[in-house]
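Chain by chain, the residues:
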Amino acid sequence: MKLKGIQMTANQSSEMIDLKLDRKDFVSDQEVRWCPGCGDYSILAQMQKMVPNLGVPRENFVFISGIGCSSRFPYYMNTYGFHSIHGRAPAVATGVKLANPDLKVFVVTGDGDGLSIGGNHLIHAIRRNVDLNIILFNNRIYGLTKGQFSPTSEMGKKTKSTPYGSIDNPINPLCVAIAAEATFVARAIDIDTKHLGETLERAANHRGTSFVEVYQNCNIFNDGAFNDFTERTKRADQVLYLEDGKPMRFGKDLEKGIAIQGFSPEVVEIGENYSIEDLLIHNESLSEPTLAYLLTRLHFPEFPVPVGVFRNVEKPEYSDLCRDQIHAAQEKEGKGNLEKLLNSGDTWTVS
Amino acid sequence: MSTETELSTPTMETQKPTVEIQSAVIRFAGDSGDGMQLTGTQFTNTTAVFGNDISTLPDFPAEIRAPAGSLPGVSGFQINFGSQEIRTPGDRPDVLVAMNPAALKVNLADLVEGGTVIVNEDSFQASNLDKAGYESNPLDDGSLEGYRVIRIPLTTLTLNAIKDTGLDRKQGQRCKNFFALGVVYWMYDRPLDHTLNWIQSKFGRNPAVLEANTAALKHGFNYAETTEIFTTHYSIRKASLAPGKYRNLTGNQAIALGAVTAMEKSGRELFYGSYPITPASEILQELSRYKKFGVKTFQAEDEIAAIGAALGASFAGGIGLTGTSGPGVALKGEFIGLAVMTELPLVIVNIQRGGPSTGLPTKTEQSDLFQAIYGRNGECPVPVIAACSPGDCFWSVLEAFRIAMKYMTPVMLLSDGYLANGSEPWRIPSLEDLPDLSFPNATDQDTFQPYARDEKTLSRPWAIPGTPGLEHRIGGLEKQHLTGNVSYDPQNHDNMVRLRAKKVAGIAQDIPPTEIYGDPEGDALIVGWGGTRGAITSATEQLRAKGLAVSSIHIRHINPLPPDLTDIFSRFKKVFVAEINLGQLWTYLRATLLLDSISINQVRGKPFMIQEIMKKVEEQL
Ligand code: SF4
C-alpha cells in the first residue's frame, strides 16, 4: 500500500491544474437529507467548492464523522468517507492518518458529538497535532435527537430536556481547542459563505490539526440562535473579522475597534479619544496563545463576535513524527528481519 | 570478563551425591520489592536453555508496592520443570523459597506434604512476624513440623558476600534474591552462566552492582555446596522435546511476535492501538520496540480511541490490532459493532482477568466468554478464538488475522492472565511454516460495489482510500446489499442481518478436525478451551493411567464452533466442560448444540489444579 502523496506546498500549483477537479466531482449521488433551510447545506456547498482548490487527487480525501445531523456529511461528499460512532471520529481519523499519512483527512463533528460524548478524543487529537481538519458545526442544540440542550447551549436555555431552563454552564469550543494547544483555530458563520469558504481553505492547507468552529443555524430546533449578529444587516456592527497583521476594526465604516486596558479588552470608537494606533493588532502566529485566547473570550453582545483565523502556528505533525521515528530506527538498526526476530533472545536446539 | 569463574560449569565438580528426578515444582515468594519475578524468570530461562520442559506461573499483587512485609505485598513465581512433557505450572510446589514471614504465611498451605521450605531466617524478627500476623515464630514453635525446613541467614550472608563491593547495607541487601537463586541453582544442578551473563549485560555500566549481584549468586551456590545443611542435590534430564530450535516465551510476548509476523506475511502495516491495562500492557510495550519493522503503535487516550484508531487503520489498508482486558472490551463494544457493520478486518485481544468490574486485575479467569460472543448491541456476530498455551498465542494471532482478512470481520482473540505472564519453551517456526496472509485490495473500478460479496466467503471487498475510482462511504447505519448505501428497508435489514451471521458461521469450513487426546470414544470426555489445556490434558493422562476411559478435547474456535463436535460428543457416555468461570462454555454448548454435560469450574483467580479436575471426573464415573 504505497501511494503517491501530494504534499501541500505552494510550488505545486501546476499539479493542482492537472487534476482538473471541480465542485461537481465532489458531489455524491446520495440525496441530501438535512431539513430544508438547515445551515449544513451551506457548509457542504462551500466544502465541495473549496476542495478542488487543494491540489489533492479525489481518491486521497477521507471525510470522517461521528453521529448527529452534521455527521451525515461524508455521505454527500464523493470521496472516501466513514460515518463512525458518536464522538469518536477523531480517533478513527487518527488511525487513518497514521496508517496512510498521504491522505487528506477531514473530521466533521457537531457540538454534542465533538464536545460532549467525544470531548476526550477531540482534545487528544488536537494536542497530538495530527494532520486532521476538524470542522465543528455548532448549532447549540441536539438536532438529530430532536431538541435537547447541548454543551454549547446558553445558561437558562429552555429545550425539551430543560423545560425549566438549562443550569449547565456552556463550553466554549475555541477555548477548549486553544487549551489543548491547537496549532490552527478558526471560526466561521454558515451564511457568510465567502468567508466560510476561505476559512475552510486556510484550515485545509494547514499542516497539523486545524480546528474550525462554524456557527450553524438549526432552523428546526434552535432557529435564529445566531441571528443577532449573523444577519446581513447586523454583521458589520456585531462581527469582528480577524485579519492577520491588521488592527481589529469593525462597524459599517470601521469606526470601532478593540483596544486593551490592562488585561481586559474593550470596544473603543475611533475618533477623539482613540486612533487606529491604539487598537490591538491581530497576530495569528504568536507562539503563546494568549492573544488568541483573549479573542475567544469576547462575548456577544458586550463585544462583537470574532470570526476568522485566531491562531495559526507551525509545530511537528503527529504522523510525520511517527513515520520519522520508524525511519530513524530503520536507519540505525536496519530494516526488521522476521527470521532474526523469531530467533532472538535465549535459544537452544533440541536434536 | 570478570564473571568467568570456576563456578560457571559446576555440575561435574560437586562433591555431594546427585539424585535424579523427573520433575520439580519450585515457588519463589517474597515481598514485592524482593525481586521474586526477576528471580523466577532467571531460573526459568536457565532451566529452559538447559533443556528441560517448563511451565511458569507468576503471581503478583495488584499493588505496585504494598507495605513491606505485609501479606498483600507478597509476590510469587512458580516453576514446574522436568524431563517429561510439562503442561502446567504444577498443582503444588515441592520447594518454597520464602524471603519473609508473610511469604511463608501466604504460600505454606500450597506446599506438598513433606515439602522443602527455604526461609530467610534473618527476616523472622518480631516486626515482620507481627506484620504477617504470626503470634509466635513458626520457625521455632513447631508449626512447620512435617516439612523440611532450611533456615538460611540470607541477609547476613549476602551482606558478607558483597562487603568488598562498596555497596552500603541497604543496597547490599537487595542482592539477597541472587544469593537465594544461587542456592536453588545448586540444589537443582543448574549452571550459573546464563544468569551471570544476564547480570553482566544488565549491570555492566554499574560495576559495584554488577560485582555484588555476581558475588551474591556465586556465594549462594558455594554456600549450598559447602554447608552441611544440603546433603544431596537433584538432577533432571533434558526433556525430549520435538527437535528444533527453542526459546522461552510468555503469552504476551508471543502475541507481539505473532502480530509482527502477521504484518510481514500480509505485506501490510501493523497498527496497534491500545490503552495501558493489566495484564495486556506488555503487548503495547513489546510492539513499541519493533519500530524497525515499521510497526505503528498508538497509546490512545482511552480504550475507545484505541480500537477506533485501529479500525481507522484497517479502513486505510493496514492491519488493525487492539489489545486489552475485559473492562476494556466493555468500552470497545460499540466499535466492535461498527467493525461488524462496516465489515472491516480487526483483531481484538482480550487478556482476561478476574471480574466483574475491576475485579482481580492481576489474576487469571476465563469469564469473558459470553462478553466475547454476545457482548454487543444488535445481532452482532464476531468470530471468537482462544489461545491454549503461552506459545500458542503466537499461532492464534496469525489465525485471528487470517480470519479477519479473509472474511472481512473483526475477530476476538481470548487469552488470559495466566497465559499472558506464564511461559513455556516455544519451538521457533521456520518461515516456510508460517501461513500466507496476503489478501488483495479491491482495485477494479468497473465492477466495484462496496457491499458485493465473495461467493465462497461472503466477504465484501477491501477498498482502501487512495485507490482511484473506488471512493465510497461506509458507516454504522444499515447498509443496502451491494451498494452499501444507507438503507432503512425492512427486508434489506433482515437480509443483511442474516448475511452477516451466515458469513461468520461459514468460517467453520476452515476449521480442521478436532484433535482428541485419548481414544475417540469412551466413558468420559473433558472439554476445555483457552489456558486450561495443560491441566485438562494432564488430568486426562493421569485418569487414563488409572485405567479410566477418559479423553479430552480443547476448543480453539469458539465462534463458530468446529463442525465435528456433536459427532465427538455422541461417542462418550458423559461430557465434562472444565473452565475458570461459572460454566460459560457449558451454557454455550448447551444452547448451540443441545449438549447435556457436567460443568467443572472454579473462580479463585488461579489456574486449575490437575487434581481438582481429576477428582470431579472421578466422582461422576
Ligand atoms: S435538525 Fe436542525 S441541524 Fe439537524 S438537519 Fe434539521 S435543521 Fe439541520
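Asker: So what exactly am I meant to see when it comes to the overall build of chain B here?
Answerer: When helices and strands are tallied, chain B shows 20 helices and 23 strands. The C-alpha radius of gyration of chain B comes to 27 Å, within 12% of the 25 Å expected for a compact globule of 621 residues. C-alpha extents for chain B along the principal axes are approximately 85 × 60 × 45 Å. Among the 621 residues that make up chain B, the fraction classed as buried is 63%. Intrachain contacts of chain B at a sequence separation of at least 6 include 76% that bridge at least 24 residues. Taken as a whole, chain B presents about 23200 Å² of accessible surface, with 51% of it coming from carbon and sulfur. Seen as two clouds, the 56 positive and the 68 negative side-chain charges of chain B have centres 2 Å apart.

Asker: Sorry, what's going on with the interface of chain A and chain B here?
Answerer: Interfaces are frequently sized by the accessible area removed from exposure as the parts join. Contact residues are listed per partner, giving 62 residues for chain A and 71 residues for chain B. Taking both partners together, chain A and chain B bury about 5500 Å²; carbon and sulfur atoms supply 63% of that area. Together, Tyr80, Leu342 and Trp348 of chain A form the three largest contributors to the area buried by chain A at its contact with chain B, with a combined 16%. Linking chain A to chain B there are three salt bridges.

Asker: Teacher, can you tell me more about empty space enclosed by the protein here?
Answerer: Residues and elements named next belong to chain B. The final tally for this structure, using the stated rule, is two cavities of 30 Å³ or more. Estimated volume of the largest cavity: approximately 90 Å³. Together, Thr88, Pro89, Thr364, Gln366, Asp416, Tyr418, Gly531, Thr532, Ala535, Ile580, Pro607 and Phe608 line the largest cavity. Counted by class, the lining of the largest cavity contains six nonpolar, five polar and one charged residues. Of the residues that make up the lining of the largest cavity, three or more belong to each of domain 2 (247-433) and domain 3 (522-620).

Asker: Is there a simple way to think about the pairing of strand E10 (residues 264-269) of chain A in this case?
Answerer: Along any regular strand the residues' side chains alternate between the sheet's two faces. Residues and elements named next belong to chain A. Judged from the six bridges that link them, strand E9 (residues 256-261) and E10 form a sheet pairing that is antiparallel. Bridging from a neighbouring strand, Ile258 pairs with Val267 of E10. In this structure, the hairpin formed by E9 and E10 is closed by a connection of two residues, where Gly262 is found at a positive phi of approximately 65°.

Asker: How should the site of the ligand be read in this particular structure?
Answerer: Inspection of the region around the ligand gives Trp34, Cys35, Cys38, Cys69, Asn139, Gly143, Gln216, Cys218, Asn219, Ile220 and Phe221 of chain A as its neighbouring residues. Considering only residue class, the shell around the ligand consists of seven nonpolar, four polar and no charged.

Asker: How should I be thinking about the side chain of Ser70 of chain A in this particular structure?
Answerer: Residue and element names in this part refer to chain A. Tracing the sequence through the fold places Ser70 in the loop between strand E1 (61-65) and helix H3 (73-76). Polar contacts involving the side chain of Ser70 include one to the main-chain carbonyl oxygen of Thr109, which spans 3.4 Å. Discounting chain neighbours no more than four positions away, the residues touching Ser70 are Trp34, Asp40, Val108, Thr109, Gly110 and Phe137.

Asker: What's the story with the sheet that holds strand E15 (residues 410-416) of chain B in this structure? I'm lost.
Answerer: What links the strands of a sheet is backbone hydrogen bonding, and the strands pair in either a parallel or an antiparallel sense. Residue and element names in this part refer to chain B. Overall, mixed pairing links the seven strands, which are arranged E11-E10-E12-E13-E15-E14-E21 in an open sheet. Looking at the sheet topology across the chains shown, the edges are occupied by strand E11 (296-299) and strand E21 (557-559). Pairs of neighbouring strands in the sheet enclose a mean axial angle of 20°, with direction left out of account. Where strand E13 (residues 346-352) meets E15, seven bridges bridge the pair, whose relative direction is parallel. Bridging across to E15, Val349 finds its partner in Leu413.

Asker: For this particular structure, what's the right way to read the domain arrangement of chain A?
Answerer: All names here are of chain A. The domain boundaries assigned to chain A delineate domain 1 (21-244 + 283-333) and domain 2 (247-281). Here the C-alpha centroids of domain 1 and domain 2 sit 29 Å apart. Counting residues at the interface gives 13 residues for domain 1, matched by 15 residues for domain 2. Across the interface of domain 1 and domain 2, roughly 1000 Å² is buried in total on both sides, 71% from carbon and sulfur atoms. At the junction of domain 1 with domain 2, the criterion picks out two salt bridges. Of the charged contacts in the structure, one is a salt bridge between Lys256 and Asp237, with a shortest N-O distance of 3.2 Å. Summed over the shared surface of domain 1 and domain 2, the result is three residue pairs in polar contact (both at pLDDT 80 or more). Put simply, the parts of the chain that give the side of domain 1 that touches domain 2 at least two residues each are helix H10 (232-238), strand E7 (239-241) and helix H11 (290-296). Top contributing element to the side of domain 1 that touches domain 2 by residue count: H11, with three residues. Of the residues assigned to the side of domain 1 that touches domain 2, the class counts are 10 nonpolar, one polar and two charged.

Asker: Mind showing me how you'd approach the confidence of the model for chain B here?
Answerer: Reading predicted coordinates in detail is not appropriate for stretches of low pLDDT. Residue and element names in this part refer to chain B. In the predicted model, chain B carries a mean pLDDT of 95, and 98% of its residues have values of at least 70. Contacts for the low-pLDDT stretch residues 1-12, under 50 throughout, to residues beyond four places or in other chains number 20 contacts. At the level of chain-chain contacts, confidence expressed as ipTM amounts to 0.95, with global pTM at 0.93.

Asker: Help me understand unusual backbone geometry in this model?
Answerer: At the junction of Thr278 of chain B and Pro279 of chain B, the peptide bond is cis and its omega measures out at 0° in the coordinates. Positionally, Pro279 of chain B belongs in the loop between strand E10 (270-274) and helix H10 (281-287). Cis geometry marks the peptide bond from Gly355 of chain B to Pro356 of chain B, where omega comes out at 5°. Relative to the helices and strands, Pro356 of chain B is located in the loop between E13 and helix H13 (369-374). A positive phi angle, close to 60°, is found at Arg140 of chain A, a residue other than glycine. In this structure, Arg140 of chain A sits in the loop between strand E4 (132-138) and helix H7 (173-179). Judged by relative accessible area, which is 18%, Arg140 of chain A ranks as buried. In this structure, Ser357 of chain B is a non-glycine residue whose phi angle is positive, near 55°. Position of Ser357 of chain B relative to the elements: it lies in the loop between E13 and H13. Note on Ser357 of chain B: relative accessible area 62%, which makes it exposed.

Asker: I'm lost on the pairing of strand E23 (residues 598-601) of chain B in this one. Help?
Answerer: Residues and elements named next belong to chain B. Looking at chain direction, strand E22 (residues 572-579) and E23 are connected through four bridges and run parallel. Looking across to E23, one finds that Ala578 is bridged to Ile600. Handedness of the crossover is the feature at issue here: the chain leaves E22, passes through helix H19 (residues 584-593), returns alongside E23, and the resulting connection is right-handed.

Asker: Any chance you could explain the packing of helix H6 (residues 176-187) of chain B against helix H7 (residues 193-203) of chain B here in plain terms?
Answerer: The axes of two packed helices give the description: the angle between them and the distance between them. Residue and element names in this part refer to chain B. For the pair H6 and H7, the least separation of the axes is 11 Å and the interaxial angle reads 160°. Taken together, the axes of H6 and H7 are roughly antiparallel relative to one another. The residues of H7 that touch H6, namely those facing Phe178, Leu181 and Tyr185, are Thr195, Trp198 and Ile199.

Asker: In this structure, what is going on with helix H14 (residues 392-407) of chain B? I would like to understand it.
Answerer: Residue pairs spaced three or four apart in an α-helix point in one direction, given the helix's 3.6 residues per turn. The terminal C-alpha atoms of H14 of chain B lie 22 Å apart, and with 16 residues this matches the ideal 22 Å at 1.5 Å per residue to within 8%. Within H14 of chain B, 14 of the 16 residues are buried, which leaves the element mostly enclosed by the surrounding structure.

Asker: Would you explain the layout of surface pockets in this entry?
Answerer: Using a probe with the size of a water molecule, rolled over the atoms, empty space left in the structure can be pinpointed. Residue and element names in this part refer to chain B. If you add up the space inside the second largest pocket, you get close to 1300 Å³. As for the second largest pocket, its lining consists of 44 residues, of which Cys388, Ser389, Asp392, Glu515 and Arg533 are closest to the centre. Those elements giving two or more residues to the lining of the second largest pocket turn out to be strand E3 (53-59), H14, helix H15 (417-421), strand E16 (423-427), strand E18 (516-517), helix H17 (533-545) and strand E20 (550-555). Take the lining of the second largest pocket: its biggest share by element is five residues, from E16.

Asker: Which parts of the structure should I look at to understand the packing of aromatic side chains?
Answerer: The description of an aromatic ring pair rests on the distance of the ring centres and on the angle between the ring planes. A complete count under the given rule lists 30 aromatic pairs over all chains for this structure. An aromatic cluster is present here, built from Phe26, Trp34, Tyr41, Phe61, Phe63, Phe73, Tyr76, Phe106 and Phe137 of chain A joined pairwise through their rings. Residue placement shows Arg460 of chain B over the ring face of Tyr451 of chain B; its charged tip is 4.8 Å from the ring centre.

Asker: Would you mind showing me how to read the packing of helix H9 (residues 251-266) of chain B against H14 of chain B here?
Answerer: Residues and elements named next belong to chain B. Across the interface, H9 lies against H14 with an axial gap of 7 Å and an inter-helix angle of 40°. Taken together, H9 and H14 sit at an angle that is classed as oblique. Considering the relative orientation of H9 and H14, their crossing is right-handed. For the pair H9 and H14, the contacting residues are Gly251, Ala254, Ile255, Leu257, Gly258, Ala259, Thr261, Ala262 and Ser266 in the first and Cys393, Phe394, Val397, Leu398, Phe401 and Met405 in the second. Across the contact of H9 with H14, the residue classes tally to 11 nonpolar, four polar and no charged.

Calculation rules
Residues numbered from 1 in each chain as written. Chains lettered and ligands numbered in written order. Predicted model: local features only at pLDDT ≥ 70, side-chain atom pairs only at ≥ 80, totals over all residues. Heavy atoms only, no water. Helix = DSSP H or I, 4+ residues; strand = E, 2+ residues; numbered from the N terminus. Rg over C-alpha atoms; globule rule 2.2 N^0.38 Å. Buried < 20%, exposed > 50% of the residue type's maximum accessible area, 1.4 Å probe, protein only. Contact = heavy atoms within 4.5 Å. Areas by Shrake-Rupley, 256 points an atom, 1.4 Å probe, with all protein chains shown as cover. Lys, Arg positive; Asp, Glu negative; His and termini not counted. Charge placed at Lys NZ, Arg CZ, Asp CG, Glu CD. Buried area = accessible area lost by both parts, 1.4 Å probe. Salt bridge = Lys/Arg side-chain N within 4 Å of Asp/Glu carboxyl O. 1 Å grid on protein atoms, 1.4 Å probe; cavity = no way out; pocket = protein on both sides within 12 Å on 5 of 7 lines; lining within 4 Å. Points joined across faces, edges and corners; volume = space filled by probe spheres on them. Nonpolar A, V, L, I, M, F, W, Y, C, P; charged D, E, K, R; others polar. Domains from an automatic or database assignment. Pairing = 2+ DSSP bridges. Near = heavy atom within 4 Å. Polar contact = N/O pair within 3.5 Å; in protein donor to acceptor, adjacent residues only side chain to side chain. Axes fitted to C-alpha atoms, helices over the stretch in contact; angles between N-to-C directions. pLDDT = per-residue confidence, 0-100. Right-handed = clockwise from strand over helix to strand, strands pointing away. Parallel < 35°, antiparallel > 145°, perpendicular 65-115°, else oblique. Expected span 1.5 Å × (residues − 1). Phe/Tyr/Trp six-rings, centres within 6.5 Å; stacked < 30°, edge-to-face > 60°. Lys NZ or Arg CZ within 6 Å of the ring centre and 35° of its normal. Left-handed = near helix turned anticlockwise from the far one by under 90°.

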